[in-house]
Amino acid sequence: MMAEESALAPTDKNVAQSMIGFGKRLEIAVREKKNPVCVGLDPRIGSLPDVIRSAFGDSATDQAAAFEKFCVEILDAVCDLVPIVKPQAAFFEELGPAGCVALERVVRYATQLGLLVVMDAKRGDIGTTAAAYANAYLGSGPVGAPNYSPWGADALTVNPFLGADTLEPFGERCYSTGSGLFVLVKTSNPGSGFVQDIATENGSIAESIAIHVQTETDRYRGSDHFGPIGAVVGATYPEQLAKMRALMPNAWILIPGYGAQGGSAQSVRVGMDEQGLGAIVNNSRGIIFAHQQLRFQASTWTRSVRDATSAMIEDLAV
């Protein structure tokens, strides 16, 4: 720990020592909302409700405005139900500068509502480039505060496949700002085994990364049970998810793959500890496009979003 603290400026050390770490903040939020649901914000113009899509034009600027309105109304619908949301940066970046502005506004609005925000951008690089990514995304404090960042996210998804050293600048930023990481370990896509299942002396590559994630979260967690460095492990591989839970007892796990990708409530539970903590379960399409599902048709599309969220909460609680 002392080696990591020496990399921080004195003012940053003071901020870090007085700040609640992301692992603890997420634990508090999950306990308060009594569920681990993470709503994924993945807007796509062709799937937006007609009432929103018809109100905007076809330009990138218009589509960005539609995305912002769509996400803001989702946030209003779920903010009292769930602890955390996960905007997917790619769908906003696809629209260029206007999309990036919309994304920043969505993140700030979620924070105003008291929600934690994971920016799903899967960044990863070396040295000063990694530090620049970390400074850009991690930190949800006010402008001028040491824990401020332009994007204002509480946590960020990162890609570790350039090497363990690429995580160090992100870890230091987490420690100095009370932010968190979710490191790609075993992803939910069918082709993930191409790299992640290759055997090493510590098991698979995924298992080697999981061991490193536990080491890193131990480095920064202090007296908290859960540290700021977590992992992404898909619900589509429940046996591996259970193994990863054992390898990372003090790391939060972000679990994609529930619902549309085939992951069930039973499969995600193995990613939780004995108290039902330690994991957040993402659902994007199944919630934000619930108006397209017969079972959730309601008087308004936002009512459908809320009903789908409540149904997921109940499903995970059984």
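The structure we're discussing is the one just above.
Every value quoted in this text rests on a predicted model; they were computed, and no experiment measured them. Throughout, a residue's number is its position along its own chain's written sequence, starting from 1. Two thresholds apply to this predicted model, a pLDDT of at least 70 for residue-level local features and 80 or more for giving and counting side-chain atom pairs, whereas whole-chain, interface and lining totals are computed over all residues. The side-chain figures draw on all heavy atoms in the structure; neither hydrogens nor water molecules are used.

A. A look at the overall build of the protein chain. Strands here mean DSSP runs of E at least two residues long; helices mean DSSP runs of H or I at least four residues long; both are numbered from the N terminus. Counting its secondary structure elements, the protein chain contains 15 helices and 10 strands. The C-alpha extent of the protein chain, read off along each of the three principal axes, is 55 × 45 × 35 Å. Restricting to contacts in the protein chain with at least 6 residues of sequence separation, those with at least 24 account for 71%. Only four residue types enter the tally: Lys and Arg on the positive side, Asp and Glu on the negative side; His and the chain ends are excluded. Taken as the charge location is NZ of Lys, CZ of Arg, CG of Asp or CD of Glu. A distance of 4 Å separates the average location of the 25 positive side-chain charges in the protein chain from that of its 34 negative side-chain charges. Any two residues whose heavy atoms approach within 4.5 Å at even a single point are treated as in contact.

B. Geometry of the environment of Ile45. Here Ile45 lies in the loop between strand S1 (37-41) and helix H4 (50-53). Residues Ile45 and Ala231, spaced 186 residues apart in sequence, show a C-alpha to C-alpha distance of 30 Å. Apart from the residues within four sequence positions on either side, Ile45 is in contact with Arg53, Gln63, Ala66 and Phe67.

C. Expanded view of the pairing of strand S4 (residues 155-158). Per-residue accessibility, obtained with a 1.4 Å probe over protein chains only, is compared with the maximum for each type, and a residue is labelled buried under 20%, exposed over 50%, and partly exposed between these values. Taking every second residue as pointing to the same face, both faces of S4 are buried, with Ala155 and Thr157 on one and Leu156 and Val158 on the other. Note that strand S3 (residues 116-123) and S4 share three bridges and pair parallel. Within the sheet, the bridge partner assigned to Val118 lies in S4 and is Ala155. By definition, the crossover connecting two strands over a helix is right-handed if that path, from the first strand to the second, turns clockwise as seen with the strands pointing away from the viewer. In this fold, the crossover linking S3 to S4 by way of helix H8 (residues 127-137) has right-handed handedness. The sheet contact formed by S4 and strand S5 (residues 180-186) spans four bridges and is parallel. Across the sheet, residue Val158 finds its bridge partner in S5, namely Val183. In the classification by handedness, the crossover that spans S4, the intervening helix H9 (residues 168-177) and the parallel S5 is right-handed. Two strands are said to pair when DSSP picks up at least two bridges between them.

D. Highlighting helix H3 (residues 22-33). Helix span is expected to be 1.5 Å times the residue number reduced by one. The end-to-end C-alpha distance of H3 is 16 Å, a good match for the 16 Å that 12 residues give at a rise of 1.5 Å each. Regarding H3, the residues found buried are Phe22, Gly23, Leu26, Glu27, Ala29 and Val30. The arc enclosing the buried residues of H3, seen along the axis, measures out at 165 degrees, which places them on a common side. A positive backbone phi angle near 60 degrees is found at Lys34, which sits one or two residues after H3. Comment: arc refers to directions from the helix axis out to C-beta atoms.

E. Up close: the pattern of salt bridges. By definition, a salt bridge exists where a carboxyl oxygen of Asp or Glu is found within 4 Å of a side-chain nitrogen of Lys or Arg. One pass over the full model with this rule turns up 16 salt bridges. Of the charged contacts, one joins Glu104 and Arg108 as a salt bridge, the two residues approaching to 3.0 Å between their closest N and O atoms. Of this pair, Glu104 and Arg108 both sit in helix H7 (residues 97-112), four residues apart, which is roughly one turn of the helix. Of the charged contacts, one joins Asp307 and Arg303 as a salt bridge, the two residues approaching to 3.0 Å between their closest N and O atoms. Of this pair, Asp307 and Arg303 both sit in helix H15 (residues 301-317), four residues apart, which is roughly one turn of the helix. Taking the relative accessible area as the measure of exposure, Asp307 reaches 26% and is therefore partly exposed. The exposure class of Arg303 is partly exposed, given its relative accessible area of 37%.

F. Structural view of the packing of helix H5 (residues 60-78) against H7. Each axis is a line fitted through C-alpha atoms, and for a helix only the stretch in contact is used; angles between axes span 0 to 180 degrees, taken between their N-to-C directions. Put simply, H5 and H7 touch, their axes get as near as 8 Å, and they point 15 degrees apart. Classed by the angle they form, the pair H5 and H7 counts as roughly parallel. Of the two elements, H5 crosses H7, and the hand of that crossing is right-handed. From H5, Ala60, Thr61, Ala64, Glu68, Cys71, Val72, Leu75 and Asp76 reach across to H7, where they touch Ala98, Gly99, Ala102, Arg105, Val106, Tyr109 and Ala110. Across the contact of H5 with H7, the residue classes tally to 10 nonpolar, two polar and three charged. Should an angle fall under 35 degrees it is called roughly parallel, over 145 degrees roughly antiparallel, and 65 to 115 degrees roughly perpendicular, with every other angle called oblique. Put simply, a crossing is left-handed when the front helix is turned counterclockwise from the back one by less than a right angle, and right-handed when it is turned clockwise. When residues are grouped by polarity, Ala, Val, Leu, Ile, Met, Phe, Trp, Tyr, Cys and Pro land in nonpolar, Asp, Glu, Lys and Arg in charged, and all others, Gly among them, in polar.

G. Molecular detail of the nonpolar core. Counting residues in each nonpolar core, the largest one holds 77 residues, and the members touching the most others are Val39 and Met119. Ranked by residue count, the leading element in this core is H5, at nine residues. If we skip the residues at most four places from it in the chain, Val39 touches Ile74, Val78, Val82, Ile84, Val85, Lys86, Asn282, Asn283, Ile287 and Ile288. Residues enter a nonpolar core if they are buried and are Ala, Val, Leu, Ile, Met, Phe, Trp, Tyr or Cys, with the set joined through side-chain atoms within 4.5 Å. Among the nonpolar cores identified, the runner-up in size contains 17 residues, and Phe182, Trp252, Leu277 and Ile280 belong to it.

H. Quick peek at the sheet that holds S4. Ordered in space as S1-S2-S3-S4-S5-S8-S9-S10, the eight strands form a closed barrel in which the pairing is parallel. The sheet shows a mean angle of 30 degrees between the axes of neighbouring strands, taken without regard to direction. With three bridges joining them, strand S9 (residues 253-255) and strand S10 (residues 279-283) adopt parallel strand pairing. Following the sheet pairing, Ile253 is matched in S10 by Ala279. Contacts from H5 reach S1 and strand S2 (84-87) within the one sheet, and its direction differs from that of S1 by about 165 degrees. The sheet strands contacting H15 are S1 and S10, and the helix crosses S10 at an angle near 140 degrees.

Scope: geometric values only; no functional claims are made or implied.
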